[in-house]
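# Survey of secondary and tertiary structure
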Amino acid sequence: EAEVAQSPRYKITEKSQAVAFWCDPISGHATLYWYRQILGQGPELLVQFQDESVVDDSQLPKDRFSAERLKGVDSTLKIQPAELGDSAMYLCASSFATTGSGNTIYFGEGSWLTVV
Amino acid sequence: GDSVTQMEGPVTLSEEACLTINCTYTATGYPSLFWYVQYPGEGLQLLLKATKADDKGSNKGFEATYRKETTSFHLEKGSVQVSDSAVYFCALAKTSYDKVIFGPGTSLSVIP
């Protein structure tokens, strides 16, 4: 079964350093999402792409976070500089389409970030 | 704004006990509703979904019915197993977007 691939699986970084996460969605999925999940809470959407375009980044802290999906396939989420409060799991997900409701969203295994 | 509320956990049950995890939502329009499950150290997996009122989603012995009149989507299972131990998230997606809004999650532990 096709999966959403993410890397790295675990990352420990020092405060004020830069960190990047990579995601490869399921082939053919036009919509890609980055979610942040703080331990003990539900995931919160950071950014949503439709192909290479951002359609929702209202919750992305743009002073330190950036995301791109240059060719409309894989995507990178960057944090610079990292802060202690950024420690969380970063989940990438993808879905086939955005039109209508009920489209199944498939999640990757997540990238755990610890900022020390 | 749109939101999802779930019963607080953790929930601890003995094997073969009945499970109900309550979920209610607030949203304009007619959202689709989902239950996702997260096993320890893993990402989320879709467990079941319902796209319109009175629909029943079911999978792996779990089921939930979309109740528009009570804005609820409670998760039920008649007989839980140890392997069901996980965190369960109720979620909704609006018709005009594809953004999924998650509840805070309910942790379930099933003991032998």
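Anything mentioned here points back to the structure above.
First, a word on scope: everything that follows refers to the structure included in this document. (Residues numbered from 1 in each chain as written. Chains lettered and ligands numbered in written order. Predicted model: local features only at pLDDT ≥ 70, side-chain atom pairs only at ≥ 80, totals over all residues. Heavy atoms only, no water.)

### Notes on the nonpolar core
Core analysis: the biggest nonpolar cluster contains 26 residues, and Trp35, Leu47, Leu48, Phe73, Leu75 and Tyr88 of chain B have the highest contact counts within it. Listed by contribution, the elements that provide at least two residues to this core are strand S2 (11-14), strand S3 (19-21), strand S4 (23-26), strand S5 (32-38), strand S6 (44-50), strand S8 (62-65), strand S10 (86-93) and strand S12 (106-111) of chain B. A per-element tally of this core places S10 of chain B first, with four residues. Leaving out residues up to four positions away in the same chain, Leu47 of chain B has contacts with Trp35, Tyr36, Val37, Asn59, Lys60, Phe62, Leu75 and Tyr88 of chain B. Residues Val19, Cys23, Ala88 and Val115 of chain A belong to the second largest nonpolar core, which totals 20 residues. (Core = buried A, V, L, I, M, F, W, Y, C linked by side-chain atoms within 4.5 Å. Buried < 20%, exposed > 50% of the residue type's maximum accessible area, 1.4 Å probe, protein only. Helix = DSSP H or I, 4+ residues; strand = E, 2+ residues; numbered from the N terminus. Contact = heavy atoms within 4.5 Å.)

### Points about the pairing of S6 of chain B
All names here are of chain B. As paired strands, S5 and S6 are joined by six bridges and run antiparallel to one another. From the neighbouring strand, Leu33 faces S6, where its bridge partner is Ala50. Here S5 folds back onto S6 in antiparallel fashion, the turn holding five residues, of which Gly41 has a positive phi close to 75°. (Pairing = 2+ DSSP bridges.)

### A closer look at the sheet that holds strand S1 (residues 5-7) of chain A
Sheet strands pair via backbone hydrogen bonds, and the direction of the pair is either parallel or antiparallel. All names here are of chain A. With antiparallel pairing, four strands are arranged side by side in an open sheet as S1-S3-S8-S7. Looking at strand neighbours, the two that pair on one side only are S1 and strand S7 (65-68), the edges of this open sheet. Strand after strand, the sheet turns through a mean of 15° between neighbouring axes, direction not considered. Bridge count between S7 and strand S8 (residues 75-79): four bridges; the pairing is antiparallel. Each residue of the ladder has a partner; that of Ala67, found in S8, is Leu77. (Axes fitted to C-alpha atoms, helices over the stretch in contact; angles between N-to-C directions.)

### Side note on the pairing of S2 of chain B
Residues and elements named next belong to chain B. Residues Val11 and Leu13 line the buried face of S2, whereas the alternating positions Thr12 and Ser14 sit on a face that is not buried. Relative to S12, S2 is paired through four bridges, and the arrangement is parallel. Counterpart to Ser14 in the pairing with S12 is Ile111.

### A look at unusual backbone geometry
The peptide bond linking Gln80 of chain A to Pro81 of chain A adopts the cis configuration, its omega dihedral lying at -5°. Within the secondary structure, Pro81 of chain A is located in the loop between S8 and strand S9 (88-95). Across the junction of Gly9 of chain B and Pro10 of chain B, the peptide omega takes the value -5°, indicating a cis bond. As for its position among the elements, Pro10 of chain B is in the loop between strand S1 (3-6) and S2. A positive phi angle, close to 80°, is found at Ser16 of chain A, a residue other than glycine. Note that Ser16 of chain A resides in the loop between strand S2 (10-13) and strand S3 (19-24). On the accessibility criterion, Ser16 of chain A (48% relative accessible area) is partly exposed. Positive phi outside glycine occurs at Glu16 of chain B, with the angle close to 80°. Checked against the element boundaries, Glu16 of chain B lands in the loop between S2 and S3.

### Considering the sheet that holds strand S7 (residues 56-59) of chain B
All names here are of chain B. Across the sheet, which stays open at both edges, the four strands sit in the order S3-S9-S8-S7 with antiparallel pairing between neighbours. The open sheet terminates on both sides in strands that have one partner only, identified here as S3 and S7. Strand-to-strand twist in this sheet, taken as the mean axis angle between neighbours without regard to direction, amounts to 15°.

### Observations concerning the pattern of salt bridges
Tallied over the entire structure, the rule returns seven salt bridges over all chains. Asp86 of chain A is the salt-bridge partner of Arg64 of chain A, the closest N and O atoms lying 2.6 Å from each other. Of this pair, Arg64 of chain A sits in the loop between strand S6 (53-56) and S7 while Asp86 of chain A sits in the loop between S8 and S9, and the two are 22 residues apart along the sequence. Judged by its relative accessible area of 12%, Arg64 of chain A falls in the buried class. Overall, the relative accessible area of 2% leaves Asp86 of chain A in the buried class. The closest approach of N and O atoms between Lys77 of chain B and Asp84 of chain B, which form a salt bridge, is 2.7 Å. In this structure, Lys77 of chain B and Asp84 of chain B share a single accessibility class: buried. (Salt bridge = Lys/Arg side-chain N within 4 Å of Asp/Glu carboxyl O.)

Note that every value here comes from positions in space, so none of it alone points to a role or purpose.
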